[in-house]
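Read off the chains here:
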There are 2 protein chains.
Amino acid sequence: MSTTSEVSAKPEAQGREVGVAILGHGTVGSEVRRLMEENAQDFAHRIGGPLALRGVAVSNPTKHSRTVPEELLFDDAMELIARDDVDVVVEVIGGIDYPRQLVLAALNAGKSVVTANKALVAAHADELAEAADKAGVDLYFEAAVAAAIPVVGMLRRSLAGDQVERISGIVNGTTNFILDAMDNTGASYDNMLAEATRLGYAEADPTADVEGHDAASKAAILASLGFYTRVNFSDVHCEGITGITADDIEAAKNAGYTIKLLAVCERITDAEGTESVSARVHPTLVRRDHPLASVSGSYNAVFVEAEAAGRLMFYGNGAGGNPTASAVLGDLVGAARNKVHGGRAPEENTYASLPLADFSVVPTRYYINMRVRDRAGVLAELSAICAKHGISLRTVRQEEAEEGARLILFTHTASEGDLATTVKELEAFEDVLAINSVIRLAE
Amino acid sequence: MSTTSEVSAKPEAQGREVGVAILGHGTVGSEVRRLMEENAQDFAHRIGGPLALRGVAVSNPTKHSRTVPEELLFDDAMELIARDDVDVVVEVIGGIDYPRQLVLAALNAGKSVVTANKALVAAHADELAEAADKAGVDLYFEAAVAAAIPVVGMLRRSLAGDQVERISGIVNGTTNFILDAMDNTGASYDNMLAEATRLGYAEADPTADVEGHDAASKAAILASLGFYTRVNFSDVHCEGITGITADDIEAAKNAGYTIKLLAVCERITDAEGTESVSARVHPTLVRRDHPLASVSGSYNAVFVEAEAAGRLMFYGNGAGGNPTASAVLGDLVGAARNKVHGGRAPEENTYASLPLADFSVVPTRYYINMRVRDRAGVLAELSAICAKHGISLRTVRQEEAEEGARLILFTHTASEGDLATTVKELEAFEDVLAINSVIRLAE
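With an unreviewed UniProt entry as reference, chain A is termed Homoserine dehydrogenase, source organism Corynebacterium lowii. According to its UniProt record, chain A has this under Sequence similarities (unreviewed entry): "Belongs to the homoserine dehydrogenase family."

Turning to the overall build of chain A, a few remarks are in order. Broken down by element type, chain A carries 14 helices and 17 strands. For chain A, with 443 residues in total, the buried portion stands at 59%. Within chain A, counting contacts between residues at least 6 apart in sequence, those at least 24 apart form 74% of the total. Counting only carbon and sulfur atoms, one obtains 47% of the accessible surface of chain A, whose full area is about 17000 Å². Considering chain A, the positive charge centre built from 39 side chains and the negative charge centre built from 63 side chains are found 3 Å apart.

Per the counting criterion, the structure on display carries 64 salt bridges over all chains. With a closest N to O distance of 2.4 Å, A:Lys388 and A:Glu425 form a salt bridge. Separated by 37 residues along the polypeptide, A:Lys388 in helix α13 (residues 378-388) and A:Glu425 in helix α14 (residues 416-428) bring together distant segments of the chain. Given the relative accessible area of 25%, A:Glu425 is considered partly exposed. Note that B:Glu165 is salt-bridged to B:Arg267, the shortest N-O span being 3.6 Å. Note that B:Glu165 is positioned in strand β7 (residues 164-170) and B:Arg267 in strand β9 (residues 257-269), a separation of 102 residues in sequence.

With an axial shift of 0.0 Å and an RMSD of 0.0 Å, the rotation relating chain B to chain A amounts to 180 degrees. Given the turn and translation reported, the copies of this chain are related as if by a two-fold rotation axis. Ranked by how close their C-alpha atoms come to the rotation axis, the residues of chain B are headed by B:Gly343, at 1.8 Å. Of the interface residues in chain B, 100% have counterparts in chain A that sit at the interface too, so the contact is made through matching surfaces.

Taken together, the 63 residues of chain B in the interface contact 63 residues of chain A. At the boundary of chain B with chain A, total buried surface from both sides reaches about 5300 Å², with 52% on carbon and sulfur atoms. Summed over the shared surface of chain B and chain A, the result is two salt bridges. Here A:Arg337 makes a salt bridge to B:Glu347, at a shortest N to O gap of 2.7 Å. Inspection of the chain B/chain A interface yields 22 residue pairs in polar contact (both at pLDDT 80 or more). At the level of elements, α1 (27-38), α2 (40-47), α6 (151-158), β12 (310-317) and α12 (321-341) of chain B are the ones that each hand at least two residues to the side of chain B that touches chain A.

Before going further, it helps to examine the sheet that holds strand β1 (residues 18-23) of chain A. Residues and elements named next belong to chain A. Reading across from one edge, β3-β2-β1-β4-β5-β6 is the order of the six strands in this open sheet, with parallel pairing throughout. Sheet topology places β3 (73-74) and β6 (139-140) at the edges, where each strand pairs with a single neighbour. Across two bridges, strand β2 (residues 51-57) lies against β3 in parallel orientation. The residue of β3 that forms the bridge with alanine 57 is phenylalanine 74. Strands in contact with helix α1 (residues 27-38) are β1 and β2; relative to β1, the strand with the most contacts, it is inclined by about 155 degrees.

Turning our eyes to something else, we now look at the UniProt feature "active site" (unreviewed entry) in chain A. All names here are of chain A. Those places that UniProt annotates as "active site" (unreviewed entry) correspond, in this numbering, to Lys218. Setting aside its immediate chain neighbours within four residues, lysine 218 contacts Lys118, Ala144, Val145, Ala146 and Val171. Within the structure, lysine 218 has its side chain in polar contact with the backbone oxygen of valine 171 (distance 2.8 Å).

Here we take up unusual backbone geometry. Unusually for a residue other than glycine, A:Ala146 sits at a positive phi of about 60 degrees. Within the fold, A:Ala146 resides in the loop between β6 and α6 (151-158).

Turning to helix α5 (residues 118-135) of chain A, a few remarks are in order. All names here are of chain A. Given a rise of 1.5 Å per residue, 18 residues ought to cover 26 Å, yet the end C-alpha atoms of α5 are separated by just 22 Å, more than 12% below that figure. Burial in α5 covers these residues: Leu120, Val121, Ala122, Ala125, Leu128, Ala129, Ala131 and Ala132. Looking one or two residues beyond α5, the residue adopting positive phi is glycine 136, at roughly 65 degrees.

Once that is clear, we can look at the pairing of β12(B). Of all eight residues in β12(B), six are buried, a share of seventy percent or more. Across five bridges, the pairing between strand β12 (residues 310-317) of chain A and β12(B) is antiparallel. Pairing of A:Gly316 across the sheet is with B:Leu312, part of β12(B). The pairing of strand β11 (residues 299-306) of chain B with β12(B) spans eight bridges and is antiparallel. In the strand pairing of β12(B), B:Phe303 is matched with B:Met313. What sits between the antiparallel neighbours β11(B) and β12(B) is a turn of three residues.

Bringing the packing of aromatic side chains into the picture now. What describes a pair of aromatic rings is the distance from one ring centre to the other and the angle between the planes of the rings. This structure, assessed with the given rule, holds eleven aromatic pairs over all chains. Taking 5.5 Å as the distance between ring centres and 80 degrees as the angle between the ring planes, the aromatic pair formed by A:Phe314 and B:Phe314 counts as edge-to-face. Taken together, the residues span two chains, with A:Phe314 in strand β12 and B:Phe314 in strand β12. Residue classification places B:Phe314 among the buried positions, given a relative accessible area of 1%. The rings of A:Tyr257, A:Tyr367 and A:Phe410 are connected pair by pair, giving a single aromatic cluster.

Turning to the environment of A:Leu407, a few remarks are in order. Residue and element names in this part refer to chain A. Within the fold, leucine 407 resides in strand β15 (residues 405-411). Assessed through its relative accessible area of 1%, leucine 407 is described here as buried. Residues leucine 407 and asparagine 369 lie 38 residues apart in sequence; the distance between their C-alpha atoms is 5.9 Å. Ignoring anything within four residues of it in the chain, the contact list for leucine 407 reads Ile368, Asn369, Met370, Val372, Leu379, Leu382, Val396, Arg397 and Gln398.

Analysis parameters
- Residues numbered from 1 in each chain as written.
- Chains lettered and ligands numbered in written order.
- Predicted model: local features only at pLDDT ≥ 70, side-chain atom pairs only at ≥ 80, totals over all residues.
- Heavy atoms only, no water.
- UniProt positions renumbered as here; feature names shortened; annotations may be inferred.
- Helix = DSSP H or I, 4+ residues; strand = E, 2+ residues; numbered from the N terminus.
- Buried < 20%, exposed > 50% of the residue type's maximum accessible area, 1.4 Å probe, protein only.
- Contact = heavy atoms within 4.5 Å.
- Areas by Shrake-Rupley, 256 points an atom, 1.4 Å probe, with all protein chains shown as cover.
- Lys, Arg positive; Asp, Glu negative; His and termini not counted.
- Charge placed at Lys NZ, Arg CZ, Asp CG, Glu CD.
- Salt bridge = Lys/Arg side-chain N within 4 Å of Asp/Glu carboxyl O.
- Least-squares fit on C-alpha atoms with pLDDT ≥ 70 in both.
- Buried area = accessible area lost by both parts, 1.4 Å probe.
- Polar contact = N/O pair within 3.5 Å; in protein donor to acceptor, adjacent residues only side chain to side chain.
- Pairing = 2+ DSSP bridges.
- Axes fitted to C-alpha atoms, helices over the stretch in contact; angles between N-to-C directions.
- Expected span 1.5 Å × (residues − 1).
- Phe/Tyr/Trp six-rings, centres within 6.5 Å; stacked < 30°, edge-to-face > 60°.

Okay, structure coming up:
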C-alpha cells in the first residue's frame, strides 16, 4: 500500500431510498437480487441513495423460500407493482403477453421499468414507450440486446451525435456456438446442435435460436435505436441456420470466409437519395480478417459503422445470468439515480420515421453452391443467365463431383430481387442438377 | 420502398434553443462545427430543441474566415464563454493551463462543458468536477479516452451496476501502429517510428506517445471511473516502447505472443482482503489468441473484466478528427438534452477512495531476454537466484548467440518488487553478460 494514501471513511449516501420490485426469480432475477444485496453499499454511493428491495414476484413462492425472505415473496405481481413504496420495477420473467401487462401497469402507475425482455420490447416498443412518456418515467432495456454488451446505451447516447450507417451483429450465442463448432471441426449442423444442447448452449426446443427469431428481435431493437425509426419484429426479414451444411462451411473456408448468423440493420439510400431502413437476419459469409470472424463460441459482438466514428466493435458475453444481471443492474442504477436526482433517460425517439426498404432492393452479394451437368459450354450458359439479370460474377470455381460438377460462384453486389430471380432461373435450367446453397456475403 | 410505410413528416423539435461555444477550430473543432451544421435537424430532434452556434474561439480569426462567418469568430475565448446565450462550451484546444482556465470559467459561469482534452482531465479532474458540482452543470469527456470508443459512458453508466476488476487498454494509436508494424515486418523500432511519422501516425516530436505519457493520461481517467477513486496522471507508473527491439518481437512471436503498449488499471486485493488500485502503462506480451492481440494498425481497444459482465471488449478508431468529433457531439447532445429537459449526467464519483497500490506489490509475470556465459551449470545457478526470491520459471529457452548463449525466461506470477530484485541480482551475476530486455506479460 502507498504510505501517502489512506482508506478514507466512505461517506454515507445522502438521498432517499429507492424501492425496487423484481418480477421473476430465475437465472437472471436471482442474480440481480443477490448482487443488489452483496453490493448494496456501492450502489447507494453510485445512486446517491440506497436501493430497498420491496419484493420478488414469483408464480410459486415456496420454491424460492430458501433464498428470499418470506415477507419479500409475492405470488401476485400486480399487488407488488401497485405498492406506493415501489419506484422501479425490474421485469425478468420472459414471454410476451403477461410481462406486457405487468410492464404497462408499472409504467401507468409511474414506476420506471428495467426489462431484459427482447421479445417484449421488439413486439411492443411503441406501446411501452408511449406509456413511459405519458407517465414521465424511464423504460430501460440494455439487457434485451447482447446482455452486458452495452449496445443500447451506445446507440441511445454515445452515437447520438453521429449518423449510423450499418449495424452488423452476432447477437445469438447458440447459433454462433454451433457455426463456430462446425467451422472448427468440419462436423454437420445436426451433430453440433446436439453438442450445443448437451453443453447447455441450446434449449430443448432450439427453434427460436436456430431459426433466427431471437436475433430478429434484437435486430428490430437495434434498427429502431440506430435509425430513430420504429422497426418491429415482424418487419425483420429472417432466415435461420438449419440449412447450413459442412460443405458450405468448407467452401467458405477455402474462399477465406467463415459463416456467421448476422443481424444486419442498414440505412439504404437509393439513386434519388431517398433513405430507407433494412433489418434482416441471415447466415452470412464473413471474411476471416473481419473483426466479427474472430468472435468464437457463444460470444456476441456488434459491429457498427457510423459516419464520423467509423468502425466500432463491441464484444462480450451476450447471454447468461451474470452478464444479463450486469446490464439490468446498470439500468437499475440509472433509473434509481433519476428517481433521486430528477432527470430522465433518453426516451424512445422515432423522429426519422424512415420507410422500411422492400427486401428486393437490398444490395447484397451471393455465394451459390450448385451441382451442374459436366459438359462443355455449361459455364458459358450459366454466366449468360447471370448477366441477363445484371449479375456479374466475382469468382467461379468448378470441381469434380460424384455426379456432374460442383460449381461455386461468388457474385458481385446486386439487389436481392435480381439475385433471387437469377437463382430461380438457374434452378430451372436443365443443366443445373441441384442448387445446394445460397448464402449472402457481408458488405 | 415498402408500400405500407410512408415517410411521415418530421415533427418540429419543440424545446428551447441551446447555445454552443466551440473553443478551438483545428482538426476536431472544425469537424464538430461542420457536423453540427450538416446534421442540425437530426440534432434538434434528438435533443428536443435546436443547437445554435454562438461562436468559435480561435487565436487567429483571419485564418478561419473562409469556413466560419466573421461574426462567429472570437479571438477572446473568455468573452465568448461569458455570453448569456451560451449554454454549453466545447473545449477542443489541447494543452493544459490555458484550457483549464477556460473550462473552469465556463463551469463557474453555469455552462456545461464538453472536452476532448485527456491531459487536462487526467491532471485536474478533481478541480473541474468540483466546479461542475458547485454550479450543478455537466462535465463530459468521452473523447478524452479512445475517441469514438465509448469507454467513458460504458464505465460511468453501463457498468454502474457491476464491479470492475481490470481494464486493459490499447489506448494510443501511434505506439500500436509502430508495434504492429514491427510485428508484421520484423523491422526495428527506429525504422517503424520513421514510417509512422512519414504516414502521419506519429507527430514530429513523438515523446508523449512513445514514452507512454498519452496512454498514462487515459489510464488515470479509466482507473478513476472504473474504481470510483481519484487517480491522477502522476499516480500512473509509466514505461514507453522505445526500448523494444526486433529481437523482442521475434522472441515474443516464437512463444505465441505479440507486444502491445497496454494501459492496465486493476483492483488488487491483498492477503488480508484490503483493496487497492494499480494504474500503469508498459509494453506487454499479449497471447496471440487474446482479443487485444488482433487490434492492428492505429486502432484502439479497451478490454474490461467485470464481476458479473465477464469479459467485454470495445474496439475502434482511437484518434483522428472525425472519430473524436463523433464522441464530442455525442456528449454535446447529452449536455444539451439536460439543458432542455433538466437532469444531470452522472457526476464525478470517487466514493470508494481506494488507496493506490505500491508498484512493488503489483502481481505480474516477466519475460527476460539475456545473454549468459555458455558454460555448464549456469542455468542451475540462475534458477537458484530466481528461486531465492520466490520466482518460479514457466519456460526457459537457451539458444546459441554470437557471444555466449541467449537465454529467454518466462516467469510465473510474482510481485513487481520480487521480480525487480531478481533481475537486479541476475544482472550482477558474473556469468550474465547482458540483460537485453525485461517485458511484462498480460494477466
